[in-house]
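The chain contents come next:
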Amino acid sequence: MDLTVADGEYFIILGPTGAGKTILLETLAGIYTPDDGTITLDGRDITRTDPKDRGIGMVYQDYMLFPHLTVGENIGFGLRQRKADPASIREEVQETAALLGIERLLSRTPGTLSGGEQQRAAIARALVLRPHVLLLDEPLSALDTSTRDRLRRELRSICRATKTTVIHITHHFEDIFALADRVAVMQEGRVIQTGTPDEVFRKPASEFVAAFTGMENVYCGVSRVLNGEAAIDLGGITVRTVSEIEGEVCVGIRPEEVILSREPFESSAANTFPGRVTEVQRNGTFSRVFVEAGVLFIAVLTPQSVERLRLAEGVAVQVTFKASAVHVFLR
Amino acid sequence: MNVFQDRAPLPRPTPFKVIFLAVLFCLIAYFLVVIVGLVVYPPFPALVESLRSREILFAVELSLVTSVVSTALCVVAAVPVAYSLARFSFPGRGLVNTLFNIPLALPPLVAGVALLIFYGPSTFGKMLSAFGLDIVYTPIGIVVAQFFVNLPYMVRVTRSAFETINPRFEHVARTLGCTEWGAFRQVTLPLARNGLIAGLVITWSKAIGEFGAVMMLGGATRMKTETLPIALFLNMSTGDLDLAIAASVILIVISVISFAVFERCSGDRGVF
């Protein structure tokens, strides 16, 4: 495995459960020593460095707040190890707690907090030490949807504001568009693709990546909601769907839900756009057809359909898909 | 917590429930009558006088001193052993685990004989004697015997306390700047506190009550190696019933109190 994460980058590692993601983070943190290979931080070899001297913070999915300490003592735990004086510890704990919006919870014990509050405390406990790298092991997975969306947004602004390099593990691909500068996809302990979110989703390096992400048509735009119907301006075209999400969004459409036809046809589908075929890839049981229709759409068709519609480069076609085929994620 | 517990067994009494509950309450009554009967058997003034006798006071003091020392040694030894068994993987781990459990089933008398041979006529025992350190038939022998018999109990309770602590707590502490020692002291030990106290109390109470191994290695010498159980035995064999009962009463009180503390601290975890 060969991974390089740039300074200040928000790096997401995506992969199914059991791909060895947590072990990877624990090895980066120094809990385990790798059998071979090296780990370098800012040009320094830290493969054999003690975890306490690495300057790498770690946040687990299940928070791991020390139950015998208050939230404030948890956040101040690392500063106390540095033998900082109590007044400055209190000040820094206050400051970081305020950053995460938990300054009122400092005297509570972790057991009395909600999941979202516990995760904020755990992030604060790692951030207060101003780590070179912050490792997040599925930090949002144990939370309910609305808490997750809110914390996801805050996580991004906090990491940008503190210029912290983040390596974040997830199996939710919503996290990628909202947070990631770059992505690596892991499978069975190996990294099989790295790139920007766009690259990974538009050009999956393998069938596995394509199947795992499942969304080859991913576009970013601005959503406006009127009477429960969202009109999402993608620059060239406006896509209609049913969604409550407004503002900066990404939309995903599975290529098997994109219908191509030679003529416009009347149907229940809300989205139809005229376009032109730019490429036809024939591989195995299905063919991929690329259509430029304001944005580039990818459709998966059987070779028979490609034959019947006489699809080839330069042919004018209509791209159609239903409102329910459009998946909207907050950016 | 027993999740299968029937919350209200009596509103619908069936013969099955009635018979089982009858056995339960009969046995409780039986235990109480036997134990309380012992305490109230001698006339009260005679009991008080025996409790204040020189011999019983000596036995109480010797029991307290030896049991506290042996329990302290058990804790010091059990913590690293239990932690290793709970956390580290090493070759022969399963075997070591079994070896530490065997003494639980071994009669203390047998342990006592083995210790007597080891510290007495063996080469090692003779060497210790040559250095002027006599273990056999001395109060030190009592401590050695209590330690040997009780260590496996302490290890068992402590191991179970460590096993319930997620190792990720220690991992996080290490990333927050703790050394391995620091993580252990500031995170693992506080989280294992209740389990450790439970183990400490049960070990101490077993040390106070230990008879077989203590008699073998410490001997049963009046006013020299006379702990409470030994006092009970010596006075019983000479027919001094009041003194024997006085020793028993103290032992009963100690075991009741320590078991109450143990139950409180070990919670629902059920270490045995």
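Quick caveat, the model's predicted, so the values are computed rather than measured.

Parameters and conventions
- Per chain, residue numbering runs from 1 following the sequence as it is written.
- Lettering of chains starts at A and numbering of ligands starts at 1, both following the order in which they are written.
- For this predicted model, a pLDDT threshold of at least 70 governs which residues receive local features, and a threshold of 80 or more governs which side-chain atom pairs are given and counted, while totals over whole chains, interfaces and linings are taken from all residues.
- Segments assigned H or I by DSSP are reported as helices when at least four residues long, segments assigned E as strands when at least two residues long, and all are numbered from the N terminus.
- Partly exposed residues are those whose C-beta has more than 12 but fewer than 20 other C-beta atoms within 10 Å; 20 or more makes a residue buried and 12 or fewer makes it exposed, with C-beta atoms placed from the backbone.
- Here an angle of 0 to 180 degrees is reported between the N-to-C directions of two axes, which are lines fitted to C-alpha atoms, with helices fitted over the stretch in contact.
- Orientation categories follow fixed angle ranges, with anything under 35 degrees roughly parallel, anything over 145 roughly antiparallel, 65 to 115 roughly perpendicular, and all other angles oblique.
- Each helix crossing is assigned a hand: it is left-handed if the near helix lies turned anticlockwise from the far helix by less than a right angle, otherwise right-handed if that turn is clockwise.
- Contact between residues is assigned whenever the C-beta positions, reconstructed from backbone atoms, fall within 7 Å.
- Here the nonpolar group is Ala, Val, Leu, Ile, Met, Phe, Trp, Tyr, Cys and Pro; Asp, Glu, Lys and Arg are the charged ones; every other residue, Gly included, is treated as polar.
- Should DSSP find at least two bridges between two strands, the strands are regarded as paired.

Details of the overall build of chain A
Consideration 1: Helix and strand counts for chain A come out as 9 helices and 18 strands.
Consideration 2: Across its three principal directions, the C-alpha atoms of chain A cover 75 × 50 × 30 Å.
Consideration 3: For chain A, the proportion of its 331 residues judged to be buried stands at 39%.

Describing the environment of S324(A)
Consideration 1: Among the secondary structure elements, S324(A) is positioned in the loop between strand 17 (316-321) and strand 18 (327-330).
Consideration 2: S324(A) sits 191 residues away from V133(A) along the chain, and the two C-alpha atoms are 40 Å apart.

So, the packing of helix 5 (residues 108-119) of chain B against helix 7 (residues 139-163) of chain B
Residue and element names in this part refer to chain B.
Consideration 1: Contact pair helix 5 / helix 7: the axes reach a minimum separation of 10 Å and the direction vectors enclose 130°. The pairing of helix 5 with helix 7 is recorded here as oblique in orientation. Crossing handedness for the pair helix 5 and helix 7: right-handed. Facing helix 5, whose interface residues are P108, A111, G112 and L115, helix 7 presents V144, A145, F148 and V149.
Consideration 2: Grouping the amino acids of the contact of helix 5 with helix 7 by side-chain chemistry returns 7 nonpolar, 1 polar and no charged.

Things to note about the sheet that holds strand 5 (residues 133-137) of chain A
Residue and element names in this part refer to chain A.
Consideration 1: Spatially, the 6 strands line up as an open sheet ordered 4-5-6-1-7-8, and their pairing is mixed. Looking at strand neighbours, the two that pair on one side only are strand 4 (56-59) and strand 8 (190-195), the edges of this open sheet. Neighbour-to-neighbour, the strand axes of the sheet open up by a mean angle of 20°, direction not taken into account.
Consideration 2: Across the face of the sheet, helix 1 (residues 21-29) comes into contact with strand 1 (10-14), strand 4, strand 5, strand 6 (165-170) and strand 7 (182-187) while running at roughly 155° to strand 5.
Consideration 3: Strand contacts of helix 4 (residues 115-127): strand 4 and strand 5, with the helix running at about 170° to strand 4, the strand carrying the most contacts.

Description of the interface of chain B and chain A
Consideration 1: Between chain B and chain A, the contact holds 15 residues from the first and 18 residues from the second.
Consideration 2: Contributing elements (two or more residues each) for the side of chain B that touches chain A: helix 8 (167-175) and helix 9 (180-191) of chain B.
Consideration 3: Counting residues per element, the side of chain B that touches chain A draws most heavily on helix 8 of chain B, at 6 residues.
Consideration 4: In terms of residue class, the side of chain B that touches chain A is made up of 7 nonpolar, 6 polar and 2 charged.

Here we look at the sheet that holds strand 17 of chain A
Residue and element names in this part refer to chain A.
Consideration 1: Spatial strand order, 13-17-14-15-16: 5 strands in an open sheet with antiparallel pairing. On the outer flanks of this sheet lie strand 13 (259-261) and strand 16 (296-301), each paired with one strand and no other. In this sheet, neighbouring strand axes are inclined to one another by 45° on average, regardless of whether the strands run parallel or antiparallel.
Consideration 2: Judged from the 6 bridges that link them, strand 14 (residues 271-283) and strand 17 form a sheet pairing that is antiparallel. Note that in strand 17 the partner of F273 across the bridge is V319.

Focus on the pairing of strand 14 of chain A
Residues and elements named next belong to chain A.
Consideration 1: Looking at chain direction, strand 14 and strand 15 (residues 286-292) are connected through 7 bridges and run antiparallel. Following the sheet pairing, V280 is matched in strand 15 by V289.
Consideration 2: The hairpin formed by strand 14 and strand 15 contains 2 residues between the paired strands, and G284 there has a positive phi angle of roughly 70°.

Shape is all these values report; function is a separate question.
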